[in-house]
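Summary of the model geometry
Here is how the chains run, residue by residue.
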Amino acid sequence: QPGRTYLSEYLKLYDHTVDGALAANDQIKIGGPAIAGWPYVLEGLISHSVSRQRSKPGRLDFISFHRYGDVDENIIEPSQHLLKKALAVDRKKVEQIPYLLTEFGPTTQSHEQWKNSSYVAAWVCQTVDAFFELGYKKGHLFRPAAMVFWSSVGNNFRDGEGMIASIVGPNPQHIVKGPVFNAYDALSYLGPERISVTGTNYGDEVHGIATKHGSESIEILLYRINDYWNTRADSIPVRLDVVNLPFADFFIQHFAIDEQHSNAFGAWKKMGSTAQLSAVQIAQLQQQDDLERVAPITQHRTDSNRGFTKTFHMPGNSVTLLVLTKRTDMVPPRAPQEFRGMAVDHHVIKLQWQLPAPASDGDSAMAYSLYRGDSLIALTAAPRFDDTQLADGTSYQYAIYAIDDQGNRSEQPAVISVRTPRDETPPKLVAMNILNLVTLELDFSEPLAPQAALEVANYRIDNGIQIKSVELKDGGKRVRLTTSPHQKALGYRLQIVQLSDQALLPNTVTDLTIPYKFELKFQDDFNFDSVAGYTSRHIWQDGGLGRSYYDAAKKALAIMTGDDIGESLSRDVPEASSGVLELDFLPLAIYPSGGKIVLRLKQSDATYYEVVGTCGYGSGYLKKVLQNTTVDSTSLISEYRQKVQYRLKVDFSPEMVSFSGFSNEEKIDHDRYPIQIRSFEIQMLQQDAFLDNIYYHGR
């Protein structure tokens, strides 16, 4: 935030940057100041660069600044003000160079719930439309040559700002595009020549931009924007009349960005915003992360007045793109070849096919429309599709058509029938965890039918314990029971009746009795995939993105990192001020020459016990942190080695904390302020490893 007194220092730094950049590459483009305010900096930079060029070679190839907030109040009006200031300094110079909006967005604050939403996609289109209007009224100088939406890669959409997300799953990291990325994709369809849109005006709830590519195509981008991202509004009918078309025969591509289309973020929310996704869920997200057609490409002919009318609905905070392209090819493609399908489990069918043989005009397929029965389920360019969330024991009929680059559809489809196997196995209880005196969690092998699973009467605990409420979590595979208080020294029996799965013919758990003694305990031997129960985060991304996943062959949790890459896994545990955490740790590889494991037993992000073990970094340590201040610590003498399995143990109480592992036996006991442990976190930094047999017991 440079003050006027520091402007000369800023300009001196700019000069050095120019000299260095030009010495490295004399073709590089240089400009600035790339800040959000302080117009005197822009004025000073223009005046300085012009005067410097008279005496010594210099560069100012563009001017740039940043704007955030309301489209009109915080972006358009201040942009006009800054440009007017720039023109006043040296109109001739400013008229010769472009200006760039090198950062813009609705706000500077990150909030995945709306920066990833269709609201921001509509907001971006409105902003572009606003600059078109400004350029029309004030001249082309007031329209930026580039507009950069500021964004980062988020972990499963949680940490990102709208463009793309890194999706965590069992296979290598997947990058999934969000609605804002698809807004840019939609804008890229616009042609070089703008044509008029009447019937609404800029600032109305529905407006848009129309363009053309000569006499070959017409592009109409409409946006509907409400006041805020979570404003709910019913869909409204929109009638679009296009007149004076330059062609008689054409086809239409109809795209949309809303809660249901071109919105992998919306699909992720429907999956429960889970931190760990299955391969099937990732495939579902990838089917919605491109700019998505809402209907197959259709063929049309204008009316007698060279006009065309289309009526459709627009939800609140959405974008619609219609592309009308002149038809020059009337020959349909052939049907796809080798259409095959296979049920991979009770609820998923994998479909794949081969490119059709060339038609008589030499064309093949650009895309495919896939139907299940009479319902269109996919428009895709890929020769494969996973049909998910199907019923078990059911036969499904599929038909697939090829579509060429002119929108012609094959006259006949390729057809197959595939049957999912019947699910005849009732759900199994795979784990029971006690979170506190009044909360139990039950993990099942498959999703439960909600109606029975949420019925309090289907759960009974003896010794006078009452079931207060039931919640379903993790897609129906986890049941959380809230009860009246248990007594720590007493034994109990939990009886479960009439729970069933979601099979077509439900399989029922008729009577299941689990004896248990109330203990503050959690354990995971990874005999099944329980990764969804942990929270995964990317904590170091300079070298890329790591991943964590369940290794079915090893029956262990795998964490893979890399050079300048760190991953974190955490989980809530029963609250306790004393207890023990143990786990098996098998380090596999470090990058490039050093790795770390960090164990934290946490009351909060600011108060915790921490153990850091190292390989290649020297001594690790054991410490106690209260409100971000280290109050007690000791060093670990020995490092760990790769491909050697260790059993790590942290024993904690207010009086003393001890750690054993890597041939270390250390303790701290100077500070005795109690910490109430509520979760544990495991971090891997530049270290690949397997984790297994996690055991936590509060006392």
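For the structure given in this document, a descriptive report is provided here. (Residues numbered from 1 in each chain as written. Predicted model: local features only at pLDDT ≥ 70, side-chain atom pairs only at ≥ 80, totals over all residues. Heavy atoms only, no water.)

1. Concerning the packing of aromatic side chains
All chains considered together, the criterion is met by 21 aromatic pairs. Between Tyr 492 and Tyr 516 the ring centres are 5.7 Å apart and the planes differ by 25 degrees, which places this aromatic pair in the stacked class. Taken together, the residues span a long stretch of sequence, with Tyr 492 in strand S29 (residues 491-496) and Tyr 516 in strand S32 (residues 512-517) at a distance of 24 residues. Each member of the pair, Tyr 492 together with Tyr 516, is buried. An angle of 20 degrees between the planes, with centres 6.3 Å apart, marks the rings of Phe 652 and Tyr 696 as stacked. With Phe 652 in strand S43 (residues 646-652) and Tyr 696 in strand S47 (residues 687-698), this residue pair connects regions lying 44 residues apart in the sequence. Residues Phe 652 and Tyr 696 agree in their burial class; the two are buried. One cation-aromatic arrangement involves Arg 571 over Tyr 534; the distance from NZ or CZ to the ring centre is 5.3 Å. Above the plane of the ring of Tyr 617 lies Lys 596, whose end atom (NZ or CZ) is 5.2 Å from the centre. (Phe/Tyr/Trp six-rings, centres within 6.5 Å; stacked < 30°, edge-to-face > 60°. Helix = DSSP H or I, 4+ residues; strand = E, 2+ residues; numbered from the N terminus. Buried < 20%, exposed > 50% of the residue type's maximum accessible area, 1.4 Å probe, protein only. Lys NZ or Arg CZ within 6 Å of the ring centre and 35° of its normal.)

2. Observations concerning the sheet that holds S32
Reading across the sheet, the three strands line up as S26-S29-S32 and stay open at both edges, with antiparallel pairing between neighbours. In the strand order of this sheet, the two ends are held by strand S26 (459-461) and S32, each with one partner. Each strand of the sheet is rotated relative to its neighbour by a mean of 20 degrees, with strand direction disregarded. Two strands pair when backbone bridges link them, and S26 and S29 are joined in this way by three bridges, in the antiparallel orientation. Each residue of the ladder has a partner; that of Tyr 459, found in S29, is Ile 496. (Pairing = 2+ DSSP bridges. Axes fitted to C-alpha atoms, helices over the stretch in contact; angles between N-to-C directions.)

3. As for the packing of helix H6 (residues 118-138) against helix H7 (residues 179-187)
The relative placement of two packed helices is expressed as an angle between their axes plus a distance between the axes. At a minimum axis distance of 8 Å, the contact between H6 and H7 shows a crossing angle of 35 degrees. Of the two elements, H6 crosses H7, and the hand of that crossing is right-handed. For the pair H6 and H7, the contacting residues are Ser 118, Val 120, Ala 121, Val 124, Cys 125 and Val 128 in the first and Pro 179, Val 180, Ala 183, Tyr 184 and Leu 187 in the second. (Left-handed = near helix turned anticlockwise from the far one by under 90°. Contact = heavy atoms within 4.5 Å.)

4. Remarks on the packing of helix H3 (residues 71-89) against H6
The contact between H3 and H6 brings their axes to 11 Å, and the two run at 35 degrees. In this structure, the crossing between H3 and H6 has a hand that is right-handed. Across from Val 71, Ile 75, Ile 76, Ser 79, Gln 80 and Lys 84 in H3, the residues of H6 making contact are Trp 123, Gln 126, Thr 127, Ala 130, Phe 131, Leu 134 and Lys 138. Taken together, the residues that form the contact of H3 with H6 break down as seven nonpolar, four polar and two charged. (Nonpolar A, V, L, I, M, F, W, Y, C, P; charged D, E, K, R; others polar.)

5. A few points about the pairing of S29
Burial along S29 is one-sided: Tyr 492, Leu 494 and Ile 496 are buried, and none of Gly 491, Arg 493 and Gln 495, which face the opposite way, are. Examined bridge by bridge, S29 and S32 share six bridges and lie antiparallel to one another. The partner of Arg 493 across the bridge, within S32, is Pro 515.

6. Looking at the side chain of His 66
Note on placement: His 66 falls in strand S2 (residues 62-68). A polar atom in the side chain of His 66 sits 3.2 Å from the side chain of Thr 102. Residue contacts for His 66: discarding those within four places in its chain leaves Ala 34, Ile 35, Ala 36, Thr 102 and Glu 103. (Polar contact = N/O pair within 3.5 Å; in protein donor to acceptor, adjacent residues only side chain to side chain.)

7. Points about H3
For H3, built from 19 residues, the straight-helix expectation of 27 Å at 1.5 Å per residue is met to within 8% by its first-to-last C-alpha distance of 26 Å. Residues Val 71, Ile 75, Ile 76, Pro 78, Ser 79, Gln 80, Leu 82, Leu 83, Ala 86 and Leu 87 constitute the buried set of H3. With a side-chain oxygen positioned 3.1 Å from the backbone nitrogen of Asp 72, the residue opening H3 is Asp 70. (Expected span 1.5 Å × (residues − 1).)

8. Topic: the pattern of salt bridges
In total, this model carries 27 salt bridges according to the counting rule given. Measuring nitrogen to oxygen at the nearest pair gives 3.8 Å for the salt bridge that ties Glu 575 to Arg 678. Of this pair, Glu 575 sits in strand S37 (residues 566-576) while Arg 678 sits in strand S46 (residues 677-685), and the two are 103 residues apart along the sequence. For Glu 575, a relative accessible area of 34% translates into the label partly exposed. For Arg 678, a relative accessible area of 38% corresponds to the partly exposed category. Measuring nitrogen to oxygen at the nearest pair gives 3.6 Å for the salt bridge that ties Lys 623 to Glu 610. Taken together, the residues span a long stretch of sequence, with Lys 623 in strand S41 (residues 620-626) and Glu 610 in strand S40 (residues 608-615) at a distance of 13 residues. For the pair Lys 623 and Glu 610, one class covers both residues: buried. (Salt bridge = Lys/Arg side-chain N within 4 Å of Asp/Glu carboxyl O.)

9. Concerning the sheet that holds S37
Spatial ordering of the open sheet is given by S34-S37-S46-S39-S40-S41-S42, a layout of seven strands whose pairing is antiparallel. At either end of the open sheet lies a strand with only one pairing partner, and these are strand S34 (535-540) and strand S42 (629-636). This sheet shows a mean twist of 20 degrees between the axes of neighbouring strands, independent of strand direction. Taken together, the eight bridges between strand S39 (residues 595-602) and S40 define a ladder with antiparallel strand orientation. Paired with Lys 596 across the strands is Thr 614, a residue of S40.

10. Some details on the nonpolar core
Judged by nonpolar contacts, the single largest core of 62 residues is most densely connected at Tyr 459 and Phe 585. Those residues in contact with Phe 585 that sit more than four places away from it in its chain are Ile 597, Tyr 640, Val 644, Gln 645, Tyr 646, Leu 648, Phe 662, Met 684, Ala 689, Phe 690 and Leu 691. Counting 58 residues, the second largest nonpolar core, distinct from the first, contains Ile 30, Leu 60, Leu 82 and Ala 121. (Core = buried A, V, L, I, M, F, W, Y, C linked by side-chain atoms within 4.5 Å.)

11. Points about unusual backbone geometry
With omega at 5 degrees, the peptide bond leading from Gly 32 into Pro 33 counts as cis. With respect to the helices and strands, the residue Pro 33 is situated in strand S1 (residues 31-35). A cis geometry characterises the amide bond from Tyr 591 onward to Pro 592, with omega recorded as -25 degrees. Relative to the assigned elements, Pro 592 resides in the loop between strand S38 (579-590) and S39. Non-glycine residue Asn 463 carries a positive phi angle of around 60 degrees. On the secondary structure map, Asn 463 appears in the loop between S26 and strand S27 (467-473).

12. Observations concerning the environment of Ile 349
Within the secondary structure, Ile 349 sits in strand S18 (residues 349-354). A C-alpha to C-alpha distance of 9.3 Å links Ile 349 and Gln 389, two positions 40 residues apart in sequence. Beyond its immediate chain neighbours, meaning those up to four positions away, Ile 349 contacts Met 342, Ala 343, Phe 385, Asp 386, Asp 387, Leu 390, Tyr 396, Tyr 398, Val 418 and Thr 420.

13. Notes on the side chain of Arg 224
With respect to the secondary-structure elements, Arg 224 resides in strand S10 (residues 217-224). In this structure Arg 224 comes out as buried when scored by relative accessible area, which is 4%. When near neighbours in sequence (up to four residues on either side) are disregarded, Arg 224 contacts Ala 122, Glu 205, Val 206, Ala 233, Asp 234, Ser 235, Ile 236, Met 314, Pro 315, Gly 316, Asn 317 and Ser 318.

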